[in-house]
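What the coordinates show
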Amino acid sequence: MPSSLHCIDCAQQYPIQRVIYACEACGGLLDVRHDIGARRSSLTADTFDSRLGALDAPYNSGVWRFKELVYPDIDDNSIVSRMEGNTNLYELPRVAAFAGVDTLFLKHEGENPTGSFKDRGMTTGVTQARILGMERVACASTGNTSASMASYAARAGMQGIIFLQNQQIALGKLAQGIAFGATCLQINADFDRNMELVRLVSEKLGIYLLNSINPFRLEGQKSIMFEALQQLRWRTPDWIVVPGGNLGNSSAFGKGLLEMLEAGLIDRLPRLAIIQAEGANPLYRHFSSGFGQFEPVKAETIASAIKIGNPVNLQKAIRALEWTSGVVEEVSDQQIMDAKAVIDGVGIGCEPASACSVAGARKLVERGIIKRGDTVLGVLTGHILKDPEATIDYHADQLPALSPESANKMRQVDDDFDEIVSVLSERAP
Ligand SMILES: *Cc1c(COP(=O)(O)O)cnc(C)c1O
Ligand SMILES: [Zn+2]
């Protein structure tokens, strides 16, 4: 069977060449489906392990190494890649101790070419745009999606168009969008409103939409799970912990894990823990109320990448929680920034939203949901340089309503040999 688009609510199918982001019959979200059963014999750990360290395209990419699971039937020449993925999996005892577990792995998706996991979804999204013959691509973004889309659009010779909010865009992300030559619209609206606007404008002008409502994005993002499990020698951890904003990543993880199980690459599923900021917690509220009536929220958090009140992939995330007996937790900005300081302090570093993984794991351990002996794999979604202001303000104790637990204060010292020597001779506090 060729790959096709399936509505997750009413099972209506559409050919993969259709430019469509929601079911025409019921408005439901769409999945890209590949015939995994028919390929099962070639989808072995040996196949994927033999491609590790490949020098040539497409297998030199940590997304396209899993091509049969990501987008099987396409010509390799149509792929738009920056050799994304291939990110490190760190085992970090000091961070594990902070979280309260014996074994913690952090997969650093900030090590992707533009500094966030969004590159994994953008290589598949922009590849699909090229297959469809699109000349313009667009997204609404809190920053990382736009940075990534701008880069891949430039690689493909397409015009990238980004809808940004006019406040709280992390500087690193804004700089990338501008530098990579995208058309940048700064709009006096929050992310959720920009998301509505970009959908309307894209439809009107025939621009290809590359937010994570586009199911081809999620096909690339699944590969975070493929690669992480490969790095664990295909042994399933007990928990996968991931920050949740628009819930594209959590949705992609659920789908990818289920497909790995179907392909026989793993023999059981880990549990998914989705972590939201307290000020941007619509999924947490929905989960805690037993999935009653869903209420969007007005989002506010220092973790700007997850400052989203009405996540587009809600239904897919709920499905992923069901598949994996998953849980949702919320953490405060204080907990996020203190966890970030611990991740930064071991020399690894991440942007604020990413620290939800560790702050959330810690809270779930405190609540007795994650056990000390469980193996936990957290995802660090973005690079430390994305949001330098948040980091500097934290250490300088300049964040209103926050008191840093482990601030590394800068010292002001005169041009004076004796003073420098005396400062460096003080006992560390
Ligand atoms: C996009 C992003 C998130 C949120 O991911 P979703 O798929 O929208 O839930 C978290 N952290 C960072 C750094 C991101 O760029
Ligand atoms: Zn439908």
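As a starting point, this report considers the structure included with it. Each chain has its residues counted from 1, running along the sequence as written. Each chain gets a letter, beginning with A, and each ligand a number, beginning with 1, in the order they are written. For this predicted model, a pLDDT threshold of at least 70 governs which residues receive local features, and a threshold of 80 or more governs which side-chain atom pairs are given and counted, while totals over whole chains, interfaces and linings are taken from all residues. Excluded from the side-chain calculation are hydrogens and water; included are all heavy atoms of the structure.

Comments concerning the site of ligand 1
The near set for a molecule or strand comprises every residue that places at least one heavy atom within 4 Å of it. In the neighbourhood of ligand 1, 15 residues make up the surrounding shell, with K118, N144, G245, N249 and T381 lying closest. Polar contact is the term for a pair of N or O atoms within 3.5 Å; when the atoms are in protein, one must be able to donate a hydrogen and the other to accept it, and sequence-neighboring residues count only if both atoms are side-chain atoms. A distance of 2.7 Å separates an oxygen atom of ligand 1 from a polar atom in the side chain of N144. Within the backbone of N246, an N or O atom sits 2.8 Å from an oxygen atom of ligand 1. The protein chains shown are the only cover counted for residues, whose accessible areas, like all others here, come from Shrake-Rupley with a 1.4 Å probe. Contact with the protein chains removes 96% of the 380 Å² of surface that ligand 1 exposes when unbound. By the convention adopted, Pro, Cys, Tyr, Trp, Phe, Met, Ile, Leu, Val and Ala count as nonpolar, Lys, Arg, Asp and Glu as charged, and the other residues, Gly among them, as polar. Of the residues belonging to the shell around ligand 1, the class tally is 5 nonpolar, 8 polar and 2 charged.

Digging into the coordination of the zinc ion (ligand 2)
Within the protein, C7 (SG), C10 (SG), C23 (SG) and C26 (SG) serve as the donor atoms for the zinc ion (ligand 2), at 2.3 to 2.4 Å. Note on donors: an N, O or S atom is included if it sits within 2.8 Å of the metal, or within 3.2 Å for Na, K and Ca, and water is never included, so sites can look incomplete. Geometry assignment treats four donors as tetrahedral when all angles are between 85 and 135 degrees, treats four as square planar and six as octahedral when opposite donors are over 155 degrees apart and all others between 65 and 115, and treats everything else as irregular. Considering all 4 donor atoms around the zinc ion (ligand 2), angles at the metal cover 98 to 117° and the coordination shape is tetrahedral. For the zinc ion (ligand 2), the single-chain donor residues occur in sequence as C-x2-C-x12-C-x2-C. Placement of the pair is C10 in the loop between β1 (4–7) and β2 (13–15) and C23 in the loop between β2 and β3 (30–33), with a sequence separation of 13 residues. Type-normalised accessible area, obtained with a 1.4 Å probe on protein chains alone, sets the label of each residue: buried when under 20%, exposed when over 50%, and partly exposed for intermediate values. A relative accessible area of 5% places C23 in the buried class. The secondary structure listing takes helices from DSSP runs of H or I that are at least 4 residues long and strands from runs of E that are at least 2 residues long, numbered from the N terminus.

Considering the pairing of strand β11 (residues 271–277)
Taking burial as the measure, the 7 residues of β11 include 6 buried ones, the bulk of the element. Between any two strands, pairing holds if DSSP finds at least two bridges. The sheet contact formed by strand β10 (residues 239–243) and β11 spans 5 bridges and is parallel. Within β11, the position partnered with I240 by the bridge is L272. Regarding topology, helix α11 (residues 248–263) serves as the crossover connection from β10 to the parallel β11, and that connection is right-handed. For β11 and strand β12 (residues 327–331), the ladder comprises 5 bridges, and the chain directions are parallel. Bridged to I274 within β12 is V328. The handedness of a crossover follows from its direction of travel: if, with the strands pointing away from the viewer, the path from the first strand over the helix to the second runs clockwise, the crossover is right-handed.

Here's the deal with the sheet that holds strand β13 (residues 375–380)
One open sheet accounts for 6 strands, arranged β4-β5-β13-β10-β11-β12; its pairing is mixed. Each edge of the open sheet carries a strand with a single partner, namely β4 (89–91) and β12. Strand-to-strand twist of the sheet, defined as the mean angle between neighbouring strand axes without regard to direction, takes the value 25°. Note on definitions: a residue-residue contact is assigned when non-hydrogen atoms from the two residues lie within 4.5 Å. Note on geometry: axes are lines fitted to C-alpha atoms, helical ones only across the stretch in contact, with angles between N-to-C directions running from 0 to 180 degrees. Along the sheet, α11 makes contact with β10, β11 and β13, crossing β10 at roughly 155°.

Some points on the environment of S251
Mapped onto the elements, S251 comes out in helix α11. A C-alpha to C-alpha distance of 23 Å links S251 and F163, two positions 88 residues apart in sequence. Once you skip the residues sitting within four places of it in the chain, S251 turns out to touch L218, N313, K316, A317 and A320. In terms of polar contacts, S251 uses its side chain to reach the backbone carbonyl oxygen of L247, at 2.6 Å.

Let's talk about helix α14 (residues 333–345)
Expected helix span is computed as 1.5 Å times (number of residues minus one). Given a rise of 1.5 Å per residue, 13 residues ought to cover 18 Å, and the 18 Å separating the end C-alpha atoms of α14 matches this to within 8%. For α14, every residue scored as buried is listed here: I336, M337, D338, A339, K340, A341, V342, I343 and D344. Within two residues after α14, G347 carries a phi angle of roughly 90°, on the positive side.

So, the sheet that holds strand β8 (residues 183–187)
Taken together, 4 strands build an open sheet; the order of strands is β8-β7-β6-β9 and the sheet is parallel. Bordering the open sheet on either side are β8 and β9 (208–209), each of which pairs with just one other strand. Of the strand pairs in this sheet, strand β6 (residues 136–141) and strand β7 (residues 159–165) are connected by 6 bridges, and their pairing is parallel. In the strand pairing of β7, S141 is matched with L164. The strands touched by helix α8 (residues 191–205) within the sheet are β6, β7, β8 and β9, with β6 carrying the most contacts at an inclination of about 165°.

Describing unusual backbone geometry
Cis rather than trans, the peptide bond between A57 and P58 has omega equal to 0°. A positive phi angle is found at A11, which is not glycine, with a value near 70°. Structurally, the position occupied by A11 is in the loop between β1 and β2. Despite not being glycine, S325 has its phi angle at roughly 50°, a positive value. Relative to the assigned elements, S325 resides in the loop between α13 (314–323) and β12. For S325, a relative accessible area of 45% translates into the label partly exposed.

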